[in-house]
Amino acid sequence: VLRTVAAAPATQALDGPRCTAFLERLLPGLPQFTRMAVLDPDGVALCSSDPGAAGLDLSDRPYFIEARASEDELVVGEYT
């Protein structure tokens, strides 16, 4: 799922509206997830399967701080 979201043209282009539309289409086929979001490099939600979450600042979350410190390593956050 991570590779699919990361490879999507809307995600690659950091196009918030197109990315939101993509996540809204993707989520119904993934019942194990209740919500998905893509954060920009500053920790702000670029897009989300919940359009109301776009623009939400998540830069203070432990998983984001760890990801920023890890550079090229994959980081998986805790359940939220």
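One can find the structure itself at the top, above this paragraph.
Small disclaimer: the values here were computed from a predicted structure and weren't measured.

(A) Geometry of the environment of Leu 23. With respect to the secondary-structure elements, Leu 23 resides in helix H3 (residues 16-26). Placed 29 residues apart in sequence, Leu 23 and Gly 52 show a C-alpha to C-alpha distance of 13 Å. The residues touching Leu 23, leaving out its near neighbours within four places in the chain, are Val 5, Met 36, Ala 37, Val 38, Cys 47, Ser 48 and Ser 49.

(B) Main features of the environment of Phe 22. For Phe 22, the location among the structural elements is in helix H3. Remark: the alpha-carbon pair of Phe 22 and Ser 49, spanning 27 residues in sequence, is separated by 8.1 Å.

(C) Representation of the side chain of Ser 48 within the structure. Mapping Ser 48 onto the fold places it in strand E2 (residues 45-48). Polar contacts involving the side chain of Ser 48 include one to the main-chain carbonyl oxygen of Met 36, which spans 3.2 Å. Within the structure, the side chain of Ser 48 is placed 3.0 Å from the backbone nitrogen of Asp 50, a separation counted as a polar contact.

(D) Molecular detail of the side chain of Ser 70. Among the structural elements, Ser 70 can be located in helix H4 (residues 62-70). Take Ser 70: its relative accessible area is 19%, and that puts it in the buried class. A polar atom in the side chain of Ser 70 sits 2.7 Å from the backbone oxygen of Glu 66.

(E) Local environment of H3. For H3, the complete set of buried residues consists of Gly 16, Cys 19, Thr 20, Phe 22 and Leu 23. With its buried residues spanning 160° around the axis, H3 presents them on a single face. What points out from H3, more than 90 degrees from its buried face, is the exposed set Pro 17 and Arg 25. Elements in contact with the buried residues of H3: helix H1 (2-7), helix H2 (9-12), strand E1 (37-39) and E2. Two to three positions downstream of the cap, the backbone nitrogen of Arg 18 sits 3.2 Å from a side-chain oxygen, assigning the N-cap of H3 to Asp 15.

(F) Quick look at the state of the cysteines. Tallied over the entire structure, the rule returns one disulfide. Disulfide partner of Cys 19: Cys 47, at an S-S distance of 1.9 Å. Of this pair, Cys 19 sits in helix H3 while Cys 47 sits in strand E2, placing them 28 residues apart in sequence. Judged by relative accessible area, Cys 19 falls into the buried class, the value being 0%.

Reading the values: rules and limits
- Residues numbered from 1 in each chain as written.
- Predicted model: local features only at pLDDT ≥ 70, side-chain atom pairs only at ≥ 80, totals over all residues.
- Heavy atoms only, no water.
- Helix = DSSP H or I, 4+ residues; strand = E, 2+ residues; numbered from the N terminus.
- Contact = heavy atoms within 4.5 Å.
- Polar contact = N/O pair within 3.5 Å; in protein donor to acceptor, adjacent residues only side chain to side chain.
- Buried < 20%, exposed > 50% of the residue type's maximum accessible area, 1.4 Å probe, protein only.
- Arc of directions from axis to C-beta.
- Disulfide = S-S within 2.5 Å.

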